[in-house]
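Structural overview for review
What follows is each chain in one-letter form.
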Amino acid sequence: MTLAERIIGIAKERNISFAELGRIAGIERTTISMITTGKSEGGNPTIKRLVEAFGDEFEQYYQYATCKQCGEVFLPASGNQATCSKKCSKKNATEISVRWSKSHSTRTVSGLTDSQRFGWGPKVKKPAVSIPEYNSVAREEYGSYGQRGAAERVAQSGTMRESMGLV
Ligand SMILES: [Zn+2]
């Protein structure tokens, strides 16, 4: 039996409208109608409210997920929860940041990648130059944004690097 069928069944058994059923469980009317018309499967927060209001028979509709890190099956609080625990979530975030810094390591100035220089990468603890510093030096030296853009290209090969003390 689908969740939609079960909700329709409950409304019939108790002789209540969907609006009333929503009020009892604390679920938006629109959410109920999305489910009963087959437009939504209902997320775990909604299922939890149905379990609390109408009993364990609604537990079968929980949507379980597999943790991206440890592979354990778990009950996500929301649809976009990728990991089962704080520990796995931290591990996942670290992996994403390492992947990110690897994929952004092609542009190099002064021997360091942008991610290392600005402190995005895992290896450098303190950034050599902060973004506001970088901007203020660029503004002082080159005035407008456009001029700065042109200057940045020049900087790849020398003068601006020196001006920022990166050599
Ligand atoms: Zn996990």
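Since this is a predicted model, take the numbers as computed values, not measurements. (Residues numbered from 1 in each chain as written. Predicted model: local features only at pLDDT ≥ 70, side-chain atom pairs only at ≥ 80, totals over all residues. Heavy atoms only, no water.)

Observations concerning the overall build of the protein chain
- Within the protein chain one finds nine helices and four strands.
- By residue count, 31% of the 167 residues in the protein chain fall in the buried class.
- Nonlocal contacts in the protein chain, meaning residues at least 24 apart in sequence, comprise 32% of its contacts between residues at least 6 apart.
- Counting only carbon and sulfur atoms, one obtains 52% of the accessible surface of the protein chain, whose full area is about 11100 Å². (Helix = DSSP H or I, 4+ residues; strand = E, 2+ residues; numbered from the N terminus. Buried < 20%, exposed > 50% of the residue type's maximum accessible area, 1.4 Å probe, protein only. Contact = heavy atoms within 4.5 Å. Areas by Shrake-Rupley, 256 points an atom, 1.4 Å probe, with all protein chains shown as cover.)

Notes on the pattern of salt bridges
- Counting across every chain of the model gives four salt bridges.
- The salt bridge partner of Glu-13 is Arg-6, with a shortest N-O separation of 3.2 Å.
- Look at Glu-13 and you get exposed, because its relative accessible area is 56%.
- Ionic pairing is found between Arg-6 and Glu-57, a salt bridge with its closest N-O pair at 2.5 Å. Here Arg-6, found in helix H1 (residues 3-14), pairs with Glu-57, found in the loop between helix H4 (44-54) and strand S1 (65-66); they are 51 residues apart in sequence, far enough to count as distant. (Salt bridge = Lys/Arg side-chain N within 4 Å of Asp/Glu carboxyl O.)

Thoughts on the nonpolar core
- Counting residues in each nonpolar core, the largest one holds 17 residues, and the members touching the most others are Leu-3, Ile-7, Leu-21, Ile-47, Leu-50, Phe-54 and Phe-58.
- Residue assignment for this core shows that the elements contributing at least two residues are H1, helix H2 (18-25), helix H3 (29-36) and H4.
- Per-element tally for this core: the top contributor is H1, with five residues.
- Setting aside its immediate chain neighbours within four residues, Phe-54 contacts Ile-10, Arg-14, Leu-21, Ile-24 and Ala-25. (Core = buried A, V, L, I, M, F, W, Y, C linked by side-chain atoms within 4.5 Å.)

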